[in-house]
Amino acid sequence: MGTSDGQVLGVTKIVDAGPPEKRWNIVIVSEGYRSDEMAQFATDAKQFADTLLAAPPFDRLRAAINIFRVDVTSTESGAKDPKKCNGTGAKPRTYFDASFCANGIRRLLIGNNGRVTKVVGKLVPQWHMAFLAVNSPVSGGSGGPVATFSKSTAGVEIAIHELGHTAFGLADEYEYYGGCSSDKGHDKHSKTEPSQPNITTNKDRATTKWRDLIQATTPVPTTSNANCKNCDPQPSPVAVGTIGLFEGADYFHCGVYRPEFDCRMRNINRPFCAVCQQVIVKKLTPFLPV
Amino acid sequence: MVARKSSRKSKARKTAKKTKPAKKTSKTQARKTPAKASKTSPDANKAMRLTFSYDGDDIKLVSQQRTDMILPPSDTVKGYGSYKGFWAEVRSGSDKTLYRTVMHNPTKNDAEVFPESPDGEISREPAPKRKGVFVVLVPDTGKGDDVILCRSATETKGPASGLHSLAGKPAKEILRLKLKK
């Protein structure tokens, strides 16, 4: 169990934009890969890097971003998958002890993040964002200081959503908690303005957070939820990419607004909306070569 | 290494307990965009990596580590007195905010649950008694004296009771520590 169940082999820079002191540094760490599976991890890490750097706005920030791969072997393959969450009951011996069913939630996949940050800190002291890539086909993931994802079809998309939270302080833009059909008590957001840059309670065109991006011809609010007891079922009344104030975000049906009808912070497998992209670009601009 | 009480701020706490509110500002100031990068960016390529552990609502500093690296620019340093959420600030000796980084609350007591398919819905589930670590990077320019963490208190009644994700009150300072010199 733990560090006796594997070995830290070393670090490889797989995307080189310059010295780590001057760039934004992402580190991808392997979990649940046996020593004979490290070539597969190299492939998986490259696929992750390619997907991330193809996603706007990262596609135009490539010159700012280094990506490192940290090879850590595990004695056995995969992640723990407890039966109490209807998993397989597998208990592989892995270096970071990653497990599904964290807090009793089936798809909540977490490793020992303290151990991950120690390993990453030794090998890439200038790290800004760490990912734990878990060698399991079961869908799962988690956010926090280490964004954790599995090899399921949604894995990389989950990781990029979590990157939005951890590295850029972006809020969730979905307007429900457990689900639109099951929510109770999520009718109205408090009037307190959220600190996150991509949600607001302020529907004043002249002062709202992303006012500079709202065209004069776009109605504000752009959508209003007619029944705050439920999620708003209406389709977008404006063209895709229109920036405005769409009611429903931050786990509440009403009283809080998001900038576009859809966004990666609302649904995975979508691009970041323009406001989220703007935040990311502002945060990463200092890392671009002069 | 632990968070230390500021001699100037006698009410500072090592752990996440009720302390003084974040500075209040006018409504006009508070409504300015927090996403906009201020001019108060790190003026040197030196950073301090602060690693915290948390266990429920209890937060402790684990380590401070100096690193030569660039940081993202500060979120705007003005306003936020009436904002909700979670953020870290570097404060000067006169308690002026020099750097602010808005964070997705790393001490949440619920979890995001992802769908099997990329086209499915994300949702959340309560996950009480969570514990773990989180990291805050702040500029290490010599001008900052203290680092503070601010967080909204949770509701005590109703469906949002106890859940940080659903907290609707303005954030308050929950921890203050001295930056290593």
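Residues numbered from 1 in each chain as written. Chains lettered and ligands numbered in written order. Predicted model: local features only at pLDDT ≥ 70, side-chain atom pairs only at ≥ 80, totals over all residues.

1. Description of the overall build of chain A
Part 1: Along the backbone of chain A there are four helices and eight strands.
Part 2: The helix and strand sequence of chain A, counted from the amino end, reads β-β-α-β-α-β-β-β-α-β-β-α.
Part 3: Over its C-alpha trace chain A gives a radius of gyration of 20 Å, about what one expects of a compact globule, namely 19 Å for 290 residues.
Part 4: Counting over 290 residues, chain A shows a buried share of 57%.
Part 5: For chain A, contacts bridging at least 24 residues in sequence account for 62% of all contacts bridging at least 6. (Helix = DSSP H or I, 4+ residues; strand = E, 2+ residues; numbered from the N terminus. Rg over C-alpha atoms; globule rule 2.2 N^0.38 Å. Buried ≥ 20, exposed ≤ 12 C-beta atoms within 10 Å, placed from the backbone. Contact = placed C-beta atoms within 7 Å.)

2. Looking at the environment of Ile214(A)
All names here are of chain A.
Part 1: With respect to the helices, strands and loops of the structure, Ile 214 is situated in the loop between helix H3 (155–168) and strand S7 (246–249).
Part 2: Its 19 C-beta neighbours within 10 Å are what place Ile 214 among the partly exposed residues.
Part 3: Between the alpha carbons of Ile 214 and Arg 69 there is a distance of 40 Å; along the sequence they are 145 residues apart.

3. Notes on the domain arrangement of chain A
Frequently, the measure chosen for interface size is the accessible area that the parts lose on association.
Part 1: Under the domain assignment, chain A is made up of domain 1 (2–168) and domain 2 (172–267).
Part 2: Centre-to-centre separation of domain 1 of chain A and domain 2 of chain A, based on C-alpha positions: 32 Å. (Domains from an automatic or database assignment.)

4. What to know about the nonpolar core
Part 1: Residues Val27(A), Ile28(A), Val29(A), Phe131(A), Ala133(A) and Val138(B) are the most contacted members of the largest nonpolar core, which totals 122 residues.
Part 2: Two domains each put at least three residues into this core: domain 1 (2–168) and domain 2 (172–267) of chain A. (Core = buried A, V, L, I, M, F, W, Y, C linked by C-beta atoms within 7 Å.)

5. Things to note about the sheet that holds strand S7 (residues 131–139) of chain B
In a beta sheet, neighbouring strands are held together by backbone hydrogen bonds and run either parallel or antiparallel to one another.
Residues and elements named next belong to chain B.
Part 1: What the three strands build is an open sheet, ordered S2-S1-S7; its pairing is antiparallel. Edge positions in the open sheet fall to strand S2 (58–68) and S7, since each of these has one partner strand only. Mean inter-strand twist for the sheet, computed between neighbouring axes without regard to direction, equals 20 degrees.
Part 2: Pairing of strand S1 (residues 46–55) with S2 involves ten bridges; the strand directions are antiparallel. (Pairing = 2+ DSSP bridges. Axes fitted to C-alpha atoms, helices over the stretch in contact; angles between N-to-C directions.)

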